[in-house]
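One-letter residues, chain by chain:
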Amino acid sequence: MSKVMVFDHPLIQHKLSILRDEKTSVKEFRELVGEIAQLMCYEATRDLPLEEVDVKTPVDVAKCRRIAGKKLAVVPILRAGLGMVDGMVAMMPNVKVGHIGLFRDPETLEPVKYYFKMPPDITERDVIIVDPMLATGGSSVAAAQFLKDEGVRNIKLMCIIAAPEGVQAMQEAHPDVDIFAAALDDHLNEHGYIVPGLGDAGDRIFGTK
Ligand code: PRP
Ligand code: URA
């Protein structure tokens, strides 16, 4: 069974409280999504393997540790996942970025795929899927499956707000995919929105409502 890690870091929780506020502007919302992603990236990469290296300082040789050549890719689920990419890239400047375009059919809540573009060596990379919202889980379950169908073996999911229904769907479909979230909310409403949530993440990032 996959792990679910909810980050209770005060900076993340503080920023999340502003993000949820219906009065927060598009500009601030967009900035906060990026900042939260950056802080979450720091926590979610805690298990990256390190290797010992000798570094010559102006004074002596220091025994240091560097990330051991791990190949990573960040894969946002469009649109809203795009808001998290810059924060991840700020922490990992050389990371490759793939894109999966999905939207939820408003009637069926089923994900509809409209775009899929990965770095050519994606099968050699560990992937962190990013999407601010894990609601029914349909989008994340599908995204993880598309990646597995391509041959990706190690996948993590980073979302900002998760609903219990989405966590359950992910754990049933992909018990090997660990989930990182800034909050685990209460439930979904009849329209598949997370309660209390933050509304429609894509619309709030891009100002489309
Ligand atoms: C939102 C969100 C997730 C999805 C979550 O995207 O960004 O991708 O809904 O819902 P689910 O867990 O029930 O699948 P949306 O479909 O609204 O598209 P958008 O990002 O283009 O606005
Ligand atoms: N997608 C969103 O953007 N918000 C929700 O609450 C659920 C799905």
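Overview of the structure. One numbering rule holds for all chains: residues counted from 1, following each sequence as written. Think of it this way: whatever chain is written first is A, whatever ligand is written first is 1, and the rest follow in order. Owing to the predicted nature of the model, reporting of local features is limited to residues with pLDDT of at least 70; listing and counting of side-chain atom pairs is limited to 80 or more, with chain, interface and lining totals taken over all residues. To get the side-chain values, all heavy atoms of the structure are used, and hydrogens and water are removed first.

What follows is about the sheet that holds strand β13 (residues 183-184). Only when DSSP finds a minimum of two bridges between them are two strands counted as paired. Here a helix means four or more residues in a row that DSSP labels H or I, a strand means two or more in a row labelled E, and each is numbered from the N terminus. Spatially, three strands are ordered β9-β11-β13 in an open sheet, and the strand pairing comes out parallel. Only two strands of the sheet have a single partner each, and these edge strands are β9 (133-134) and β13. Looking at chain direction, strand β11 (residues 161-162) and β13 are connected through two bridges and run parallel. In the strand pairing of β13, I161 is matched with A183.

On to the site of ligand 1. By convention in these notes, a residue is near a molecule or strand provided one of its non-hydrogen atoms lies within 4 Å of it. Taken together, 15 residues lie around ligand 1, and R104, D131, T136, G137 and S139 are the ones closest in. A 3.5 Å cut-off defines polar contacts: any pair of N or O atoms within that distance qualifies, except that in protein one atom must be a possible hydrogen donor and the other a possible acceptor, and neighbouring residues in sequence count only when both atoms are side-chain atoms. S139 is positioned with one of its side-chain polar atoms (N or O) 2.6 Å from an oxygen atom of ligand 1. The Shrake-Rupley method, run with a 1.4 Å probe sphere, supplies the accessible areas, and residue values consider only the shown protein chains as cover. Coverage of ligand 1 by the protein amounts to 92% of the 500 Å² it exposes when considered alone. Taken together, the elements giving at least two residues each to the shell around ligand 1 come down to β6 (99-104), β9 and α4 (138-150).

This brings us to the pairing of strand β2 (residues 50-56). The side chains of a regular strand alternate between both faces of the sheet. Pairing between β2 and strand β3 (residues 61-67): seven bridges, direction antiparallel. Looking at the pairing, K56 lines up with V61 of β3. Remark: four residues form the turn of the hairpin made by β2 and β3, two consecutive strands paired antiparallel.

All right, on to the nonpolar core then. Grouping buried Ala, Val, Leu, Ile, Met, Phe, Trp, Tyr and Cys residues that are joined through side-chain atoms within 4.5 Å yields what is termed a nonpolar core. The rule is simple: take the accessible area with a 1.4 Å probe, protein chains only, and divide by the maximum for that residue type; under 20% is buried, over 50% is exposed, in between is partly exposed. Formed by 36 residues in total, the largest nonpolar core has its most connected members in L16, L19, M40, M88, M158 and I160. Mapped onto this core, the elements with two or more residues apiece are α1 (10-20), α2 (26-44), β4 (72-78), α3 (82-91), β8 (126-130) and α6 (201-206). Top element by residues in this core is α2. It accounts for eight residues. Counting residues in each nonpolar core, the second largest holds 25 residues, with A73, I100, A142 and M170 among its members.

The next subject is the site of ligand 2. Within the structure, ligand 2 sits among R104, M133, A135, G192, Y193, I194, G199, D200 and A201. G199 has a polar backbone atom sitting 2.8 Å from a nitrogen atom of ligand 2. At 2.8 Å from an oxygen atom of ligand 2 is found a main-chain nitrogen or oxygen belonging to A201. Relative to its unbound accessible surface of 240 Å², ligand 2 loses 89% to contact with the protein.

Think of it this way: a Phe, Tyr or Trp ring, Trp meaning its six-membered ring, pairs with another when their centres are within 6.5 Å, and the plane angle makes it stacked under 30 degrees, edge-to-face over 60, tilted otherwise. Evaluated as defined, the whole model comprises three aromatic pairs. Their ring planes at 35° and their centres at 6.1 Å tell us that F103 and Y114 sit as a pair that is tilted. Highlighted residues: F103 in strand β6 and Y114 in strand β7 (residues 111-117), separated in sequence by eleven residues. Between F116 and F146, the ring centres sit 6.3 Å apart and the planes meet at 80°, which makes this aromatic pair edge-to-face. Remark: F146 occurs in helix α4 and F116 occurs in strand β7; sequence separation between them is 30 residues.

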